[in-house]
Amino acid sequence: MAGEEESPQWLGTSNDMLPREHKQHFQRVLTQQAIRSYLFLCLGIGLVALALPVALVAVGGYDGHYSISYFYHVGETTRNILVGALWATGVFLLLYHGLSTLENWLLNIAGVAAISVAMNPMDAQQCSKGLSIHGVSAGLFFVCLAVVAVLLSKGRVKYVKDQAKRRWFKRAYTIAGGAMVAMPAIVWALHQLGGGKCETHWIFWIECLGIWAFAAYWFVKTYEYRVLLGAR
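All values derive from a computational prediction rather than experimental measurement.

Details of the confidence of the model for the protein chain
The predicted model of the protein chain averages 83 in pLDDT, with 83% of residues at 70 or higher. Per-element mean pLDDT across the protein chain ranges from 76 in helix H5 (residues 154–157) up to 95 in helix H2 (residues 76–95). Overall, residues 1–12 carries pLDDT values under 50, and its contacts beyond four positions in sequence, including any with other chains, amount to 5 contacts.

Quick notes on helix H4 (residues 133–152)
Taking 1.5 Å of rise per residue, the 20 residues of H4 would be expected to cover 28 Å, and the 27 Å separating its terminal C-alpha atoms lies within 8% of that figure. Residues His134, Ser137, Gly139, Phe141, Phe142, Cys144, Leu145, Ala146, Val148 and Ala149 constitute the buried set of H4.

Quick word on the packing of aromatic side chains
Taken as a whole and assessed by the stated rule, the structure comprises 16 aromatic pairs. Measuring from centroid to centroid gives 5.4 Å for Phe92 and Tyr96, while their planes differ by 40°, and the two rings are tilted. Overall, Phe92 belongs to the buried group, its relative accessible area being 10%. In this structure Tyr96 comes out as buried when scored by relative accessible area, which is 5%. Relative to Phe169, the ring of Trp168 lies with its centre 5.3 Å away and its plane at 75°, an arrangement referred to as edge-to-face. What makes Trp168 partly exposed here is its relative accessible area of 40%.

Details of the nonpolar core
Counting 52 residues, the largest nonpolar core has Leu93, Phe141, Leu145, Met180, Phe214, Tyr217 and Trp218 as the members making the most contacts within it. Here this core takes 12 residues from helix H7 (residues 201–229), the largest share from any one element.

Some words on helix H3 (residues 101–119)
Helix length check: H3 (19 residues) gives 27 Å between terminal C-alpha atoms against 27 Å at 1.5 Å per residue, within 8%. When H3 is considered as a whole, its buried residues turn out to be Glu103, Asn104, Leu106, Leu107, Ala110, Gly111, Ala113, Ala114, Ile115, Ser116, Val117 and Ala118.

Digging into the environment of Phe214
With respect to the helices and strands, the residue Phe214 is situated in helix H7. On the basis of relative accessible area, Phe214 is assigned to the buried category, the value being 3%. Apart from the residues lying within four places of it in its own chain, the contact partners of Phe214 are Ile45, Ala49, Thr89, Phe141, Leu145 and Met180.

What about the packing of H2 against H3?
The contact between H2 and H3 brings their axes to 7 Å, and the two run at 160°. The orientation of H2 relative to H3 falls into the category roughly antiparallel. Two packed elements cross with a definite hand, and for H2 against H3 that hand is left-handed. Residue-level inspection shows Val83, Leu86, Trp87, Gly90, Val91, Leu93 and Leu94 of H2 in contact with H3, the latter providing Leu107, Asn108, Ala110, Gly111, Val112, Ala114, Ile115, Val117, Ala118 and Met119. Taken together, the residues that form the contact of H2 with H3 break down as 14 nonpolar, 3 polar and no charged.

Thresholds, definitions, all that
Residues numbered from 1 in each chain as written. Predicted model: local features only at pLDDT ≥ 70, side-chain atom pairs only at ≥ 80, totals over all residues. Heavy atoms only, no water. pLDDT = per-residue confidence, 0-100. Helix = DSSP H or I, 4+ residues; strand = E, 2+ residues; numbered from the N terminus. Contact = heavy atoms within 4.5 Å. Expected span 1.5 Å × (residues − 1). Buried < 20%, exposed > 50% of the residue type's maximum accessible area, 1.4 Å probe, protein only. Phe/Tyr/Trp six-rings, centres within 6.5 Å; stacked < 30°, edge-to-face > 60°. Core = buried A, V, L, I, M, F, W, Y, C linked by side-chain atoms within 4.5 Å. Axes fitted to C-alpha atoms, helices over the stretch in contact; angles between N-to-C directions. Parallel < 35°, antiparallel > 145°, perpendicular 65-115°, else oblique. Left-handed = near helix turned anticlockwise from the far one by under 90°. Nonpolar A, V, L, I, M, F, W, Y, C, P; charged D, E, K, R; others polar.

See the structure below:
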């Protein structure tokens, strides 16, 4: 009505605290930063996994240590490195939001399993047989990630326009997922065979392969998101 003071146009609701143009600007900035944060988190957890075996050997030595998990018993520093890396991985997977309900649940289960591996160390006897909470948790961790890699991650690749890149992503996810499944199965078999077959550095390198396959999965995912979102 004439004579009444008009409210500024940017006051849409009582909850708006910024002018519309400023609000839209900050939404764009935060969206870009959220994407970058997402990419750096994926890259970072891959780097943690990539560096873990190297750091353990650099600090704890190589001779006589036939399993990544055995470094828990080698010394206080190697124990801290191993447990810290597992906790970091577990918390990351719990906080990371998958792009579907199923993927999110599988990543959450994998996160809990990683923490369980850290909190339930392997026996000090490197050739112990039978099931353990540590071993079952490690197997569950890798199986959940393998399902995400082989069955779920490739569903997004279909949106990549370049056919060569699309085939590359599918192949990379299949290889990473297959390695993450094969690793715990082979290690378990070597332990069950006995006869000193578990006293070999083959177990250490097979476990490294599985851990580095996990790292490779997150590197591929980082690159995939950059391609899909055009992020830098």
